[in-house]
Amino acid sequence: GGSVWEVDCKILGASGDRLVSLYDLSERVSVAKSHADFVANASHELRTPLANVVGYVETLMNPKAGGNEELRTRFLGTIRHEAQRMQSLISDLMSLSRIEAVKHEVPSENVDLVQLAREVAAEFRDSAALDLTTNCDSAVIAGDRGQLLQVLRNLIDNALKYGKPGGPVHVSVEAARTGWVLVMVRDEGEGIAPEHLPRVTERFYRADTSRSRAAGGTGLGLSIVKHIVERHRGRFDIESRPGSGATASLMLPLREN
Ligand code: ADP
């Protein structure tokens, strides 16, 4: 895009000389624009389920329709579903703002990613066929434990939502001599088409909107992951061969001993 300039002109003292300063505001303007887009998107995402709730409640309040027991049960189910959608959205928005608030603080807890992955794998054990492979007993990084838990949960959640129902999901943690640890979450689902792949970490971006919504997605999961990984000075990447699944991987620097 073009640049946005601010011109500042000061008259200096009695001499009357002028000091003209030029400031390039394009960065600030584009931040402001993306902030406005974000607020607009978030409002839109909330407005849709809210409008549905209002609509269904109004119908239920109508004595004719509201008296039908079967209809009542069905509508209440929809209202709950829409309310839960708003809950997930708000909880993801709050996560994003918490991450944003601490983004300049360097995370400093000792977090063992092998142990963390075992913990998260155990959470999903009953609901999915999930296997965990590691090449070491521990891989300690300087991190924010809560945020890293969220990364693993989001990635495994996606692998289950968009992979084959019930799994399998393959998780691996590999420490390398290079001083990095590689964590991968792979599924065997439909994968992501190449035209969508570069955009899936954008806020609210969905490759398949109806599928994501039906699965309870907010479109924020991967942008949360990306933010957290960046805060840890790591790299996040997602690859996919359509038809044979997707692999999300993160590289994080091991704590120096
Ligand atoms: P959502 O809340 O919609 O799941 P995410 O930010 O987690 O949002 O993911 C963005 C989009 O990327 C999803 O809507 C989905 O279309 C796609 N996606 C993410 N993970 C996978 C996966 N493992 N397989 C296929 N598509 C995926």
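Looking at an unreviewed UniProt entry, one finds the protein chain named histidine kinase and attributed to Novosphingobium organovorum. Among the UniProt annotations of the protein chain, the heading Catalytic activity (unreviewed entry) holds the following wording: "ATP + protein L-histidine = ADP + protein N-phospho-L-histidine."

Caption draft 1: Here's a closer look at the site of the ligand. The ligand sits among 19 residues. The nearest are Tyr162, Asp187, Ser212, Thr218 and Leu222. Take Tyr162: an N or O atom from its side chain is 2.6 Å from an oxygen atom of the ligand. At 2.7 Å from a nitrogen atom of the ligand is found a side-chain nitrogen or oxygen belonging to Asp187. Computed on the free molecule, the ligand has an accessible area of 530 Å², of which 95% lies beneath the protein chains in the complex. Among the cavities detected, the one that contains the ligand is the largest pocket. When residues of the shell around the ligand are traced back to their parent elements, those giving at least two are α5 (145-162) and α7 (221-231). A total of 3 residues in the shell around the ligand trace back to one element, the largest contributor, which is α5.

Caption draft 2: Highlighting the nonpolar core. Membership of the largest hydrophobic core comes to 49 residues, with the highest contact counts inside it found for Leu113, Leu155 and Phe236. Contact partners of Phe236, with chain neighbours within four places excluded, come to Leu155, Thr201, Leu222, Val225, Val229, Ala248, Ser249 and Leu250. The next biggest cluster of nonpolar side chains, apart from the first, holds 5 residues, and it includes Val53, Leu60, Ile79 and Met86.

Caption draft 3: Representation of the packing of aromatic side chains within the structure. The full count for this structure, using the stated rule, is 2 aromatic pairs. A ring pair is formed by Tyr56 and Phe75, whose centres lie 4.7 Å apart and whose planes are at 70 degrees; its orientation type is edge-to-face. Of the two residues, Tyr56 sits in helix α1 (residues 26-61) while Phe75 sits in helix α3 (residues 69-101), which places them 19 residues apart along the sequence. A residue is classified by how much of its surface remains accessible, and Phe75, at 13% relative accessible area, is buried. Across from the ring centre of Phe38, 4.6 Å away, lies the NZ or CZ of Arg203, which sits over that ring.

Caption draft 4: Region of the structure containing a nonpolar patch on the surface. Residues Trp5, Val7, Val20 and Leu22 make up a contiguous nonpolar surface patch of about 450 Å² in total accessible area. Counting residues per element, the ones that place at least two in the nonpolar patch are β1 (5-12) and β2 (17-24). On the secondary structure map, Trp5 appears in strand β1. Using a relative accessible area of 51% as the deciding quantity, one classes Trp5 as exposed.

Caption draft 5: Local environment of empty space enclosed by the protein. With the rule as written, the count across this model stands at 1 cavity of 30 Å³ or more. Estimates place the volume of the largest cavity at around 60 Å³. Taken together, Glu45, Pro49, Arg85, Met86, Leu89, Arg206, Gly217 and Thr218 form the lining of the largest cavity. At the level of secondary structure, the elements contributing two or more residues to the lining of the largest cavity comprise α1 and α3. Of all the elements, α3 adds the most residues to the lining of the largest cavity, at 3 residues. Class assignment of the residues belonging to the lining of the largest cavity gives a composition of 3 nonpolar, 2 polar and 3 charged.

About the thresholds
- Residues numbered from 1 in each chain as written.
- Predicted model: local features only at pLDDT ≥ 70, side-chain atom pairs only at ≥ 80, totals over all residues.
- Heavy atoms only, no water.
- UniProt positions renumbered as here; feature names shortened; annotations may be inferred.
- Near = heavy atom within 4 Å.
- Polar contact = N/O pair within 3.5 Å; in protein donor to acceptor, adjacent residues only side chain to side chain.
- Areas by Shrake-Rupley, 256 points an atom, 1.4 Å probe, with all protein chains shown as cover.
- 1 Å grid on protein atoms, 1.4 Å probe; cavity = no way out; pocket = protein on both sides within 12 Å on 5 of 7 lines; lining within 4 Å.
- Sits in = over half its atoms within 2 Å of the grid points.
- Helix = DSSP H or I, 4+ residues; strand = E, 2+ residues; numbered from the N terminus.
- Core = buried A, V, L, I, M, F, W, Y, C linked by side-chain atoms within 4.5 Å.
- Buried < 20%, exposed > 50% of the residue type's maximum accessible area, 1.4 Å probe, protein only.
- Contact = heavy atoms within 4.5 Å.
- Phe/Tyr/Trp six-rings, centres within 6.5 Å; stacked < 30°, edge-to-face > 60°.
- Lys NZ or Arg CZ within 6 Å of the ring centre and 35° of its normal.
- Patch = residues over 30% accessible without salt bridge, like charges linked within 9 Å, V, L, I, M, F, W, Y side chains within 5 Å.
- Salt bridge = Lys/Arg side-chain N within 4 Å of Asp/Glu carboxyl O.
- Points joined across faces, edges and corners; volume = space filled by probe spheres on them.
- Nonpolar A, V, L, I, M, F, W, Y, C, P; charged D, E, K, R; others polar.

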